[in-house]
Amino acid sequence: MKGFAMLEIGKTGWIEKERPKCGPLDAIIRPLALSPCTSDIHTVWEGALGDRHNMILGHEGCGVVEEVGELVKDFKVGDRVMVAAITPDWSSLEAQGGYPMHSGGMLSGWKFSNFKDGVFGEYFHVNDADGNLAHMPEAVSPEEACMLSDMVPTGFHGVELADIQFGDTVLVNGIGPVGLMSVAGANLRGASRIICVGTRPACREAAKKYGATDFISYKEGSIDEQVLELTGGKGVDKAIVAGGGVESFDPIIKALKPGGKIGNVNYLGSGTYVTIPRVEWGCGMGHKMITGGLMPGGRLRLEKLASLIEVGKLDVRHLITHRFDGFEHVEDALMLMKDKPADLIKPVVNI
Ligand code: NDP
Ligand code: ZN
């Protein structure tokens, strides 16, 4: 079968591979729609995970079941299914401990385009199919299902990590597709003011639709000073980090009230240390918490998030700015994600 792969750090291309084999608990899926992620860009062009050779890229997609293992109970050949980017081993001790995304070791629930071939193939393999697949509801289109693989659960996980409560003033640092879903999630959780950091006009327009109330730019002065000015010197209750680099935490700590929480879902692809300003961190006693997390995967989460689309409480179509028809355009979609033109939020390839 054909797949679009990372050949080595900084290099991608089409390769031929054997169709993956299906174990007793697994499924083989033929994609219906695919989407590239900024994480693929960190992985290939920053070498953020280390070198990978001839590894098929991609972890956002949905498809049709082509084959199932004999122990799979709830899925059969021909079913239309959604798949999360993170596919944990649900019987692992880490999953039993509440951290499925780290099943088998830190970040090891992230298998596609990390430890094994991703979804940009004519077929892809899903481990633990009963735990990692979900039936695609009638009301959810394949391209919407692609947004449920990663953008929605990751953006919403930022909301969970920041512990957004009714009436919170929230800073969302980065409003690409992930941050936009954090805006939507914070809004659903009852945030009052949602202050967004990001400059691309398409993203700002979408952010307004998802509940953003204020915008600031990291290109026009420091983020903390702008936030403090907007909030009359008070700062924000919570912050979600979905963009920027290792240096992002310094101004956010400065802009956060004592007792505030930061939820980071940004993939820090380069740099060695994250620095925290001592004084504004209350000399270590300010109760300012930072939690960074890979999103959890799993069928239950996929079904629950899809139900928000089904009842009309979440419209992920505002994320999709570029559409391609045909598997061969996976390459174009990935390059678009690398170049990030001003009108891009998220491309989708329908197959
Ligand atoms: P984008 O590149 O589309 O968006 C990044 C956003 O950050 C943009 O709004 C950009 O602004 C803004 N930004 C850039 N530089 C700065 C800065 N110095 N300070 C503040 N904001 C800045 O990314 P995505 O939304 O696709 O992904 C966001 C991150 O989430 C990525 O690192 C990705 O790898 C990661 N990710 C993590 C996952 C997880 O499970 N934890 C899963 C999926 C993705 P501008 O408008 O100017 O471009
Ligand atoms: Zn991703």
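Cut-offs and rules
- Residues numbered from 1 in each chain as written.
- Chains lettered and ligands numbered in written order.
- Predicted model: local features only at pLDDT ≥ 70, side-chain atom pairs only at ≥ 80, totals over all residues.
- UniProt positions renumbered as here; feature names shortened; annotations may be inferred.
- Pairing = 2+ DSSP bridges.
- Helix = DSSP H or I, 4+ residues; strand = E, 2+ residues; numbered from the N terminus.
- Core = buried A, V, L, I, M, F, W, Y, C linked by C-beta atoms within 7 Å.
- Buried ≥ 20, exposed ≤ 12 C-beta atoms within 10 Å, placed from the backbone.
- Domains from an automatic or database assignment.
- Contact = placed C-beta atoms within 7 Å.
- Nonpolar A, V, L, I, M, F, W, Y, C, P; charged D, E, K, R; others polar.

If you look the protein up in an unreviewed UniProt entry, it shows as NAD(P)-dependent alcohol dehydrogenase from Mogibacterium diversum. As recorded by UniProt, the Sequence similarities (unreviewed entry) comment attached to the protein reads in full: "Belongs to the zinc-containing alcohol dehydrogenase family." Recorded under Cofactor (unreviewed entry), the UniProt text for the protein is reproduced unchanged: "Zn(2+)".

Chemist: Would you take a moment to explain the sheet that holds strand S2 (residues 11-16) for this structure?
Modeler: Sheet strands line up and pair through hydrogen bonds in the backbone, either parallel or antiparallel. With antiparallel pairing, the three strands of this open sheet are ordered in space as S2-S1-S4. Of all strands in the sheet, those bounded by a partner on one side alone are S2 and strand S4 (55-56). Looking at chain direction, strand S1 (residues 2-8) and S4 are connected through two bridges and run antiparallel. Bridge pairing links Ala-5 to Ile-56 in S4.

Chemist: Would you mind showing me how to read the nonpolar core here?
Modeler: Side chains of nonpolar character tend, in soluble globular proteins, to be buried together. Grouped together as the largest cluster of nonpolar side chains are 104 residues, with contacts concentrated most on Val-172 and Val-183. Residue contributions to this core reach at least three from each of two domains, namely domain 1 (2-150 + 295-350) and domain 2 (155-292). In this structure Val-172 touches Gly-179, Ser-182, Val-183, Ala-186, Ile-194, Cys-196, Val-197, Ile-240 and Ala-242, once residues within four positions along its chain are discounted.

Chemist: I'm lost on the UniProt feature "domain: Enoyl reductase (ER)" (unreviewed entry) in the protein in this one. Help?
Modeler: Under the UniProt annotation, "domain: Enoyl reductase (ER)" (unreviewed entry) lies at residues 10-349. Each end of residues 10-349 is marked by a C-alpha atom, and these two atoms are 23 Å apart; helix forms 28% of the span and strand 22%.

Chemist: Which parts of the structure should I look at to understand the domain arrangement of the protein?
Modeler: Quoted interface sizes are often the accessible area lost when the parts come together. Examined at the domain level, the protein breaks down into domain 1 (2-150 + 295-350) and domain 2 (155-292). Averaged C-alpha coordinates put domain 1 and domain 2 at centres separated by 27 Å. Taken together, the contact pairs 18 residues of domain 1 with 17 residues of domain 2. A per-element tally of the side of domain 1 that touches domain 2 places helix H1 (residues 38-45) first, with three residues. In terms of residue class, the side of domain 1 that touches domain 2 is built from nine nonpolar, five polar and four charged.

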